[in-house]
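Inside the fold
Next come the chains, spelled out residue by residue.
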Number of protein chains: 2
Amino acid sequence: MAHITTSVEYAIHCLLWLVGDDDRALSSRDLADLQGVSPSFIAKIFPRLEKAGIVRASEGVRGGYRLARPAEDITFLEIVDAIEGDKPLFDCQEIRGRCAVFGARPPAWAMAGKCAVHAAMLQAEKAMRDALAGQTLGAVAARFGRTAPGEFFDDVKAWVDIRLAGRAAGRGKPRRDMPS
Amino acid sequence: MAHITTSVEYAIHCLLWLVGDDDRALSSRDLADLQGVSPSFIAKIFPRLEKAGIVRASEGVRGGYRLARPAEDITFLEIVDAIEGDKPLFDCQEIRGRCAVFGARPPAWAMAGKCAVHAAMLQAEKAMRDALAGQTLGAVAARFGRTAPGEFFDDVKAWVDIRLAGRAAGRGKPRRDMPS
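Residues numbered from 1 in each chain as written. Chains lettered and ligands numbered in written order. Predicted model: local features only at pLDDT ≥ 70, side-chain atom pairs only at ≥ 80, totals over all residues.

A look at the pairing of strand β1 (residues 55-58) of chain B
Residue and element names in this part refer to chain B.
- Pairing of β1 with strand β2 (residues 64-67), which is carried by four bridges, proceeds in the antiparallel orientation. Residue pairing in the sheet places A57 in a bridge with Y65 of β2.
- The loop that links β1 with its antiparallel partner β2 comprises five residues; one of these, G60, has a positive phi angle of about 100°. (Pairing = 2+ DSSP bridges. Helix = DSSP H or I, 4+ residues; strand = E, 2+ residues; numbered from the N terminus.)

Okay, here's the thing in C-alpha cells:
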C-alpha cells in the first residue's frame, strides 16, 4: 500500500466537489455516487475530515457536508494527516544501540540525541510535508476548473439538483451516512 | 509498515560499517552480527545493494562486501531505491474518470495530462526524493564519527580483526551468505 493511500485520493476528489458552492451540502452518499467510489468508504473517511475541521456537517433534508473553511486555506497536508493520522515516513527502530561491541547495554553517547539515520529521514519527511502544505484544495480546484469545459459544471449542477430535489420530495431518506 | 522500511534502516546501519576501511571486506554474517540484526535479513538485502552498484562482493577467505564507491557519492536515495524498488508515495487510481456525469466513458479532456491530485502528490514525492538524494553515507558516517569516542572505533576494529582471524584460521567457513 502506498504511503499516501487511496483513502486520501478519494477524500480529495470528493472534497473538490464541495469547492465553490457553499449553498448546497452533499451527503457522503451523494459524494460517493458523484465520484463513483464506494459509499461505505466515504462514510468512513468524512467524519475524520469533519473532526479535523476540514468539513462541517449539517443534519436535515438539505443536510450533508460543506467545506468548513475557504478551499484556499485547506492544504493537502491537513487532509493527509486527517485521513492517515500519525504515520511516519520512517519508523526508527533505534538499532544504533544494538552494536556487538556494546554488549548488553549501549553507552549513553551511542543513544544521545537523534540517530543520524533517523535525522536524515526526518529531513526527507519534512520536505514531503512542506510540499503537501504548499498544495491547497482551492488551487487544485482552480487548476481543474481551467481544463474542464463550462458545460461540465452545468452537468454537475444538474446532477446535484436532481439529487437534492429527490431528497426534498421525500424519495429516499435524507442521509449523511455517518457511522457513529 | 512505514514507507521507508526497516530493511533500509538495517541496510544503512550495516553500510556505515563499511565506510572508511577499504582494506577489509565484511560478510553479510559479519555485518549482521556487528549490527545485531538478523543475518538472513541482511543476506537478502545486500545482493540488492550489490546489484545497484552500492557495494561490491568478493569471494574467498577474506571475501565479503566493500563499498563500490566513495561513501560521499552514495546517497540515501540510491539505497532506498535499491532496497524498496519502484514504490510510489501515492498510487494514483485515476478516479477522476469515474464521475457520475461522464457515464460509462469519460471525455478525453477529463483524462488528458496528469490528474491534478496526482501531480500535487508527485511534487511531494520529488521533494522527499530530493532530500534523500542530498544525504550521503559519507556525511552521515562523518556525523556519527564526531559523536563516537576514539576507543569505540578501536573496539570495532578489534571485533572485526578477531572475526577475520577466525576465518583465516579456518574456524567457520568463509561466507558471504548470498542467496542465489
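A look at the packing of helix α2 (residues 28-35) of chain B against helix α3 (residues 39-51) of chain B
Residue and element names in this part refer to chain B.
- Closest axis-to-axis distance for the α2/α3 pair is 8 Å, and the angle between their directions is 130°. It follows that α2 is oblique to α3 by the angle criterion. The handedness of the crossing between α2 and α3 is right-handed. Contact with α2, carried on its side by S28, R29, L31 and A32, involves P39, I42, A43 and F46 of α3 and no other residues of that element. (Axes fitted to C-alpha atoms, helices over the stretch in contact; angles between N-to-C directions. Parallel < 35°, antiparallel > 145°, perpendicular 65-115°, else oblique. Left-handed = near helix turned anticlockwise from the far one by under 90°. Contact = placed C-beta atoms within 7 Å.)

Notes on the nonpolar core
- Judged by nonpolar contacts, the single largest core of 87 residues is most densely connected at A11 and I79 of chain A together with A11 and I79 of chain B.
- Each residue touching A11 of chain B, except ones within four places of it in the same chain, is listed here: I45, L49, I79 and I83 of chain B. (Core = buried A, V, L, I, M, F, W, Y, C linked by C-beta atoms within 7 Å. Buried ≥ 20, exposed ≤ 12 C-beta atoms within 10 Å, placed from the backbone.)

So, the interface of chain A and chain B
- Each side of the interface is counted separately: chain A has 48 residues, and chain B has 48 residues.
- Looking at which element gives the most residues to the side of chain A that touches chain B, the answer is helix α6 (residues 116-133) of chain A, with eleven residues.
- Residues belonging to the side of chain A that touches chain B are distributed by class as follows: 31 nonpolar, nine polar and eight charged. (Nonpolar A, V, L, I, M, F, W, Y, C, P; charged D, E, K, R; others polar.)

Quick look at the packing of α6 of chain A against helix α6 (residues 116-133) of chain B
- Packing of α6 of chain A against α6 of chain B brings their axes to within 8 Å, and their N-to-C directions diverge by 155°. When the axis of α6 of chain A is compared with that of α6 of chain B, the two are roughly antiparallel. Taken as a pair, α6 of chain A and α6 of chain B cross one another with a handedness that is right-handed. Together, Q123, A124, A127, M128, D130, A131 and L132 of chain A of α6 of chain A and Q123, A124, A127, M128, D130, A131 and L132 of chain B of α6 of chain B make up the contact between the two elements.
- Looking at side-chain class alone, the contact of α6 of chain A with α6 of chain B contains ten nonpolar, two polar and two charged residues.

So, helix α3 (residues 39-51) of chain A
- Between its terminal C-alpha atoms α3 of chain A stretches 19 Å, which fits the 18 Å expected from 13 residues at 1.5 Å a residue.
- The secondary structure elements touched by the buried residues of α3 of chain A are α1 (6-16), α2 (28-35), β1 (55-58), β2 (64-67) and α4 (76-84) of chain A. (Expected span 1.5 Å × (residues − 1).)

Details of helix α4 (residues 76-84) of chain B
- For α4 of chain B, the complete set of buried residues consists of F76, I79, V80, A82 and I83 of chain B. Viewed along the axis of α4 of chain B, the buried residues span an arc of 165°, placing them on a single side of the element.
- Contacts from the buried residues of α4 of chain B go to α6 of chain A together with α1 (6-16), α3 and α6 of chain B.
- Following α4 of chain B by one or two positions, G85 of chain B adopts a phi angle in the positive range, close to 70°. (Arc of directions from axis to C-beta.)

Concerning the relation of the copies chain A and chain B
- After a rotation of 180° and a shift along the axis of 0.0 Å, chain A superposes on chain B with an RMSD of 0.0 Å. Seen this way, the second copy is the image of the first under a two-fold rotation axis.
- Taken as a fraction of all interface residues of chain A, those also at the interface in chain B reach 100%, which identifies the copy contact as same-surface. (Least-squares fit on C-alpha atoms with pLDDT ≥ 70 in both.)

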